[in-house]
Each structure stands twice: as structure tokens, then as C-alpha cells.
Amino acid sequence: MNPQANLIFIISLLLGTTITISSNHWIMAWTGLEINTLAILPLISKSHHPRAIEAATKYFLTQAAASALVLFSSMTNAWYTGQWDITQLTHPTSSLILTSAIAMKLGLVPFHFWFPEVLQGSPLTTGLLLSTMMKLPPITLLYMTSPSLNPTLLTTLAILSTALGGWMGLNQTQIRKILAFSSISHLGWMTIIIIYNPKLTLINFYLYTMMTATIFLTLNTIKVLKLSTLMTSWTKIPSLNAMLLLTLLSLAGLPPLTGFLPKWLIIQELTKQDMAPAATLISLLSLLSLFFYLRLAYCTTITLPPHTTNHMKQWRTNKPTSITIAILTIMSVMLLPISPMILTIV
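Note that this is a predicted model, so its numbers are computed, not measured. (Residues numbered from 1 in each chain as written. Predicted model: local features only at pLDDT ≥ 70, side-chain atom pairs only at ≥ 80, totals over all residues. Heavy atoms only, no water.)

**Section: the UniProt feature "domain: NADH:quinone oxidoreductase/Mrp antiporter transmembrane" (unreviewed entry) in the protein chain**
Keep this limit in mind: UniProt positions are given in the numbering used here, feature names are shortened, and annotations may be inferred rather than shown by experiment. Each helix corresponds to a stretch of at least 4 residues labelled H or I by DSSP, and each strand to a stretch of at least 2 residues labelled E; elements are numbered beginning at the N terminus.
Within this structure's numbering, the places UniProt gives as "domain: NADH:quinone oxidoreductase/Mrp antiporter transmembrane" (unreviewed entry) are residues 23–288. Structurally, residues 23–288 is divided into 75% helix and 0% strand, and its ends, taken at the C-alpha atoms, are 38 Å apart.

Encoded structure:
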């Protein structure tokens, strides 16, 4: 793609996100969401492969439907209460429509079907944007309207998302699809706590963004898209693969690593809110996700390539790993000891 065009699309993405997260009026928030959608479409379809075009079409249709629901919800609220302010969403019907619209934007169950397909049809760098930056505006809207949303509905969506995100990721061989189901599962954790402690949702989102960015950039460096090629990629940059193993375990939420922090805080908060059964259930369902993270980790570092006649060993590259990946990896693995400081900052 033309570098100038690429720059325009990236600036538009930043602009759309900024407009949405800084707006008070529903129309401005909707405008930001639309700018975001239009800016990401060329980045999804830039390879001109039929699968990329299909992914862009699916993304456009679902996001257009969700944006229409956001407008419908805000207009219904304005009709009954005379308020266009985002924080003044008080009408129950409007809250219900908005919850389904944001679930569609984020890819929460039962509106999750588009997300794995779109991620599979996109390049890794665009996949990174779809999994992280494109989730920020809807999560901001959810954060601002959280006091007036239905707790039972959000808890149900969250538990279903964690269950299906783990369950459907078990049998996948494409890494982008595995990361899509991982994203759905993490969104379940963010959604369950947003009514009780919205700051925890933001902490979870920031840490998830950091770990996912590390994984996508690492995969982009070693040029891997499938589990079968991941098995033979350890000869390219062995040290990077070793750090990828730790980042995957961190994303799974294993205790000494950064990813354990949000899960621990969310379980603690749910228990304080007398929701111990929900906390137990969501913790058990996250074991499904742990299985496919361990599978990825196993393929990354522990498996030796199969010694068949048609196997070709990868050349070790002398290309230096970018400083961005190095910093992100260290943060993705080592932030747990300074968790009190993180909690005071947020």
C-alpha cells in the first residue's frame, strides 16, 4: 500500500478513537466509531486476496449494524428523557439496545461470529489493530454507561464469552483464529466486572493490549501464521521464541507473570460483591483457554521439528529484534511485583 495512504488511514484511526473516547454527546461518539470503521477497512483488504475482501465485507456489515443500533439506542433515550449526554442513558430499552450494540462492536457472545473470520482474513499488523485499538472506543462507551446497564445481562454475556472463547479455540490450527477466541474470552473477564469496578476493566484492557501486541509483533517478526510453521520457527530467533513462550503463559494468566494480576483482582472484587459462584465459574472456564495457550507455548519452544525427508530447516536470521518487542515482552512478563503501584496510578 502507498505509504501516504497508509499514514492517512492510521491518522484517521487515531482521530476516530480520540473523538469517541473524549465525547459527551452520542452523535460525536457515533461519528468517531464510523471514522474508525471506514479507516480500518482498507487496512483489512489491502492484500486483495479473496479472503481479505470477504473479511472486510463481514467487518463492514457487522460494524454498520452495530453503529445503527448505537444511534437507535441514543435516539430512543433522547425521545423519552430529552438527554443526548452519554452518561445520562437511563431508559431501560435504550440500555438494552446499547448493550447489544456494544457486544456486536466488541465481538462478545452471541455476536462473536464475525471476529475470528475477520482476524483470519487480515494481515498480522491489522489483526493487532483489530484486537486492541478498535476495542477501545466501545469499551469506553461501556465504561461511561456502566451505571445504567443491566448487571444480569452483562454477567450472562461475560460467562458465555469466556466459555465459548475457550471452547471454540481448542480445535484451531490457525494462530490468528486462536488469538481471536482468546480476545473473546478476555472480553468476558472485562465485561463481568465493569458494573462493579470499571477501573478494573480498564486495567485488564491495558494489560491485555500490551500482551496481545507483544504476541502479534513477535509473530510478525518470525512470519508465522499456523501451528505447523510455529513448530519449525524456533531456529530463526531462539531467544524471541523463548520470550514468546513466557508471553503466552502470561496471557493465559499464570501466577508469577503479569497476566495473573487482572484475573486475581477481578476474582477478588467479584467475591466482595457476593458473586463467588460467578467468580468460580469464570475461573474454571478460563482453564479452557489455558489449554490452547499451553498448546501454542508447546509448539513454540518445546516441540522439535519432525525429522521427515521433506522437512526444511529455517535459516537463523541476524536481523535485530525491535526495541518495541523487547520492552513489551519485559512488561508482559514482569509487572506483577509492582501491582500495588499500578493500582495507585489507575
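**A closer look at the packing of helix H1 (residues 3–21) against helix H7 (residues 136–145)**
What counts here: To obtain each axis, a line is fitted to C-alpha atoms, and for helices this fit is confined to the stretch in contact; angles are then taken between N-to-C directions over 0 to 180 degrees. Throughout this description, any angle smaller than 35 degrees is read as roughly parallel, any larger than 145 degrees as roughly antiparallel, any in the 65 to 115 degree range as roughly perpendicular, and the remainder as oblique. Contacts: residue pairs with any heavy atoms within 4.5 Å of one another. Note on residue classes: Ala, Val, Leu, Ile, Met, Phe, Trp, Tyr, Cys and Pro are nonpolar, Asp, Glu, Lys and Arg are charged, and everything else, Gly too, is polar.
Where H1 meets H7, the closest approach of the two axes is 9 Å, and the angle between their N-to-C directions is 0 degrees. Judged by the inter-axis angle, H1 sits roughly parallel to H7. Of the residues in H7, those in contact with Thr17, Thr20 and Ile21 of H1 are Leu136, Pro137, Thr140, Leu141 and Met144. Of the residues in the contact of H1 with H7, the class split is five nonpolar, three polar and no charged.

**Here we look at the packing of helix H8 (residues 151–169) against helix H14 (residues 276–302)**
Quick note on the threshold: With the far helix as reference, a near helix turned anticlockwise by less than a right angle produces a left-handed crossing, and one turned clockwise produces a right-handed crossing.
Between H8 and H14, whose axes approach to 8 Å, the crossing angle comes to 25 degrees. The orientation of H8 relative to H14 falls into the category roughly parallel. At the point where H8 passes H14, the crossing takes the left-handed sense. Facing Ile159, Thr162, Ala163, Gly165, Gly166, Trp167 and Gly169 of H8, the residues of H14 in contact are Ala278, Leu281, Ile282, Leu285, Ser286, Leu288, Ser289, Phe292 and Arg295. Across the contact of H8 with H14, the residue classes tally to nine nonpolar, six polar and one charged.

**A short note on the domain arrangement of the protein chain**
Quick reminder of the rule: Segmentation of the chain into domains, including their bounds, is taken from an automatic or database domain assignment. Defined here as a combined quantity, buried area equals the accessible surface (1.4 Å probe) lost by two parts on assembly, summed across both. Should a side-chain nitrogen of Lys or Arg be within 4 Å of a carboxyl oxygen of Asp or Glu, the pair is scored as a salt bridge. Any pair of nitrogen or oxygen atoms within 3.5 Å is treated as a polar contact; in protein, a donor-acceptor pairing is required on top of that, and neighbouring residues in sequence qualify only through side-chain atoms on both sides.
If you check the domain split of the protein chain, you get domain 1 (1–137) and domain 2 (150–345). For domain 1 and domain 2, the distance between their C-alpha centroids amounts to 23 Å. At the junction of the two partners, domain 1 supplies 24 residues and domain 2 supplies 29 residues. Buried surface at the junction of domain 1 and domain 2, both sides included, amounts to about 2300 Å², of which 78% is carbon and sulfur. Three residues, Val109, Gln120 and Leu124, lead the burial of domain 1 against domain 2; their summed loss comes to 29% of the area buried on that side. On inspection of domain 1 and its partner domain 2, the count reaches one salt bridge. For the interface between domain 1 and domain 2, the tally reads five residue pairs in polar contact (both at pLDDT 80 or more). Going through the elements one at a time, helix H4 (92–106), helix H5 (114–121) and helix H6 (124–131) are the ones with two or more residues in the side of domain 1 that touches domain 2.

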